[in-house]
Amino acid sequence: MTTALITHPDCTSHITPPGHPEQVARLDAILTALEPLDLLRVSAPMGAETDVLRAHPKAHFDALRAADPEQGIVQLDPDTWMSPGSLAAAWRGVGAVTRAVDLVLGGEVTNAYCAIRPPGHHAEKETPMGFCLFGNVAIAAKYALDHHGLSRVAIVDFDVHHGNGTQDLVQEDPRILFVSSHQMPLYPGTGDPSDTGDHDTVLNIALRDGTEGPEFRQIYETQIFPRIEAFAPELILVSAGFDAHRADPLAGINLETEDFAWVTGRICDLAEKLCAGRVVSAQEGGYDLEALGACAFAHVNVLKERGR
């Protein structure tokens, strides 16, 4: 048993304007940082339309195909762009997370990390936004439930921004617990703790500007981990955003690299107790390149140590 690293060169073909924080260099920084680790390296396949349809209506990817430029770049909203390679990159992201679920649930690996871009947790049912085109982690959850026959899946999103897209895609499904810790107020302005979803399967935790590691850890220990344990998932999915790091330019949470290693380890503790250690992680935010590489290494190194 080991840890799978799933990625594809197509994920670098998604080009954004100069100065855009969601840039090709992000994936380069991650993969460079992970080079020393002994991982099972897997090429992400193209995602299947049937899997996207588990979470998004057909109108969503039809609109993305219509917007797909033959040259140059096009703007979908103030933050979200497409280049000629963006749609292929997004499909590889879908393929990465579904392949990761197959590997973990098939017992070929204990856990998996998907090094993909564009990220996914802001993409709503019919609205690409916040750098995101497809809801990768939501698609993975639906795939695990519908294709593999699981009964309960938990999603932990520790990106500094609320995973509004993931919530939009899963909150109607009582088989999915969605937990998001995020800075408020901050983009996209959603994720109030009073918002608990259609079946009380959404837990939104608002972090104040300036939150540091000890408070973050206490919140997870007292509010988040007990909720996950009570739900008893058969698989834990992680939206691994590292933009709550103190060096990140897009937010104001002051976590250290060690805090991301800690939360990864505690998620693995729960997974070992509840679901045979089965964890699938997908990359979301993180926009300071040095911090991003360090946090990705810390996160995946813990997965590797726990995947032995």
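Structure's up top.
Note that this is a predicted model, so its numbers are computed, not measured.

Asks: With reference to specific residues and values, describe the overall build of the chain.
Replies: Tallying secondary structure elements over the chain gives 9 helices and 10 strands in all. Relative to the globule expectation of 19 Å for 308 residues, the C-alpha radius of gyration of the chain, 17 Å, shows essentially globular dimensions. Along the first, second and third principal axes, the C-alpha set of the chain runs to 50 × 45 × 40 Å. Counting contacts in the chain only where the partners sit at least 6 residues apart, residues at least 24 apart contribute 76% of the total. Split by element, the accessible area of the chain, about 10900 Å² in all, is 50% carbon and sulfur. Across the chain, the centroid of the 22 positively charged side chains sits 7 Å from that of the 43 negatively charged ones.

Asks: Requested: an account of the sheet that holds strand S5 (residues 111-114), with residues and values cited.
Replies: Paired through their backbone hydrogen bonds, the strands of a sheet run either parallel or antiparallel. With respect to topology, 8 strands assemble into an open sheet ordered S2-S1-S5-S10-S9-S6-S7-S8, the strand pairing being parallel. Edge positions in the sheet fall to strand S2 (40-43) and strand S8 (202-207), since each has one partner strand and no second. Along the sheet, successive strands turn relative to each other by an average axial angle of 15°, direction set aside. Direction of pairing for strand S6 (residues 153-157) relative to strand S7 (residues 176-183): parallel, over a ladder of 5 bridges. Opposite Ala154, over in S7, you have Leu177 as the bridge partner. On the sheet, helix H1 (residues 24-34) packs against strand S1 (3-7), S2, S5 and strand S10 (279-283) and is oriented at approximately 150° with respect to S1.

Asks: Explain the nonpolar core to me, and be specific about the residues and the numbers.
Replies: Counting residues in each nonpolar core, the largest one holds 92 residues, and the members touching the most others are Ile6, Phe134, Ile228 and Leu235. Among the elements that make up this core, the one with the highest residue count is helix H4 (residues 86-105) (11 residues). In contact with Leu235, not counting residues within four places along its chain, are Val101, Val104, Leu105, Ala144, Leu150, Arg152, Val153, Ala154, Cys275, Arg278, Val279 and Val280.

Asks: Lay out the pairing of strand S9 (residues 236-240) in plain terms, naming residues and giving numbers.
Replies: The buried fraction of S9 is high, at 5 of 5 residues. On S9, burial covers both faces: Ile236, Val238 and Ala240 on one face and Leu237 and Ser239 on the other are all buried. Here 4 bridges tie S6 to S9, and the two strands are oriented parallel to one another. Looking at the pairing, Val156 lines up with Val238 of S9. One ladder, built from 5 bridges, connects S9 with S10; its direction is parallel. When the bridges of S10 are listed, Leu237 appears paired with Val280. In this fold, the crossover linking S9 to S10 by way of helix H8 (residues 257-274) has right-handed handedness.

Asks: Before we move on, could you go through the pattern of salt bridges and cite the residues and values that matter?
Replies: A full pass over the atoms with the stated rule returns 22 salt bridges. Between Arg92 and Asp10 there is a salt bridge whose closest N-O contact spans 2.9 Å. In this pair, Arg92 is assigned in helix H4 and Asp10 in the loop between S1 and H1, connecting sequence segments 82 residues apart. Look at Arg92 and you get buried, because its relative accessible area is 15%. By relative accessible area, Asp10 is classed as partly exposed at 22%. Each of Glu221, Arg266, Asp269, Glu272 and Arg306 takes part in a single network of salt bridges with overlapping partners.

Asks: I'd like a rundown of the packing of aromatic side chains, residues and numbers included.
Replies: Two measures describe an aromatic ring pair: the distance that separates the ring centres and the angle between the ring planes. Counting across every chain of the model gives 9 aromatic pairs. Aromatic ring contacts, followed pair by pair, group Phe216, Tyr220, Phe225 and Trp262 into a single cluster.

Asks: Outline helix H9 (residues 289-306), supporting the account with residue identities and numerical values.
Replies: For H9, with 18 residues, the first-to-last C-alpha span of 26 Å sits near the 26 Å given by 1.5 Å per residue. Of the residues making up H9, those classed as buried are Ala291, Leu292, Gly293, Cys295, Ala296, Ala298, His299, Val300, Val302, Leu303 and Lys304. On the buried face of H9, the contacting elements are S1, H1, S5, S9, H8 and S10.

Asks: Give me the environment of Ile253: which residues, what numbers.
Replies: Along the polypeptide, Ile253 turns up in the loop between S9 and H8. Taking the C-alpha atoms as reference points, Ile253 and Glu229, separated by 24 residues in sequence, lie 26 Å from one another. Each residue touching Ile253, except ones within four places of it in the same chain, is listed here: Val160, Gln183, Leu207, Arg208, Asp209, Gly210, Thr211, Ala244, His245 and Arg246.

Asks: Got a sec to walk through the packing of H8 against H9? Specific residues and values, please.
Replies: The geometry of H8 relative to H9 is characterised by a closest axis approach of 8 Å and an angle of 25° between their N-to-C directions. The orientation of H8 with respect to H9, classified from their angle, is roughly parallel. Where H8 crosses over H9, the handedness of that crossing is right-handed. The segment H8 lies against H9, with Thr257, Phe260, Ala261, Thr264, Gly265, Cys268, Asp269 and Glu272 engaging Ala294, Cys295, Ala298, His299, Val302, Leu303 and Arg306.

Asks: How would you summarise the environment of Ala144 if you had to cite specific residues and measurements?
Replies: Looking at the element boundaries, Ala144 is found in helix H5 (residues 136-146). Sequence separation of Ala144 and Leu207 is 63 residues, and the distance between their C-alpha atoms is 30 Å. Apart from the residues within four sequence positions on either side, Ala144 is in contact with Val101, Leu105, Gly149, Leu150, Val153 and Leu235.

Asks: Give me the lowdown on H5, citing residues and values where you can.
Replies: Counting buried residues in H5 gives 10 out of 11 residues, a clear majority hidden from the surface. Of all the residues in H5, the buried ones are Asn136, Val137, Ala138, Ile139, Ala140, Ala141, Lys142, Tyr143, Ala144 and Leu145.

How each quantity is defined
- Residues numbered from 1 in each chain as written.
- Predicted model: local features only at pLDDT ≥ 70, side-chain atom pairs only at ≥ 80, totals over all residues.
- Heavy atoms only, no water.
- Helix = DSSP H or I, 4+ residues; strand = E, 2+ residues; numbered from the N terminus.
- Rg over C-alpha atoms; globule rule 2.2 N^0.38 Å.
- Contact = heavy atoms within 4.5 Å.
- Areas by Shrake-Rupley, 256 points an atom, 1.4 Å probe, with all protein chains shown as cover.
- Lys, Arg positive; Asp, Glu negative; His and termini not counted.
- Charge placed at Lys NZ, Arg CZ, Asp CG, Glu CD.
- Pairing = 2+ DSSP bridges.
- Axes fitted to C-alpha atoms, helices over the stretch in contact; angles between N-to-C directions.
- Core = buried A, V, L, I, M, F, W, Y, C linked by side-chain atoms within 4.5 Å.
- Buried < 20%, exposed > 50% of the residue type's maximum accessible area, 1.4 Å probe, protein only.
- Right-handed = clockwise from strand over helix to strand, strands pointing away.
- Salt bridge = Lys/Arg side-chain N within 4 Å of Asp/Glu carboxyl O.
- Phe/Tyr/Trp six-rings, centres within 6.5 Å; stacked < 30°, edge-to-face > 60°.
- Expected span 1.5 Å × (residues − 1).
- Parallel < 35°, antiparallel > 145°, perpendicular 65-115°, else oblique.
- Left-handed = near helix turned anticlockwise from the far one by under 90°.

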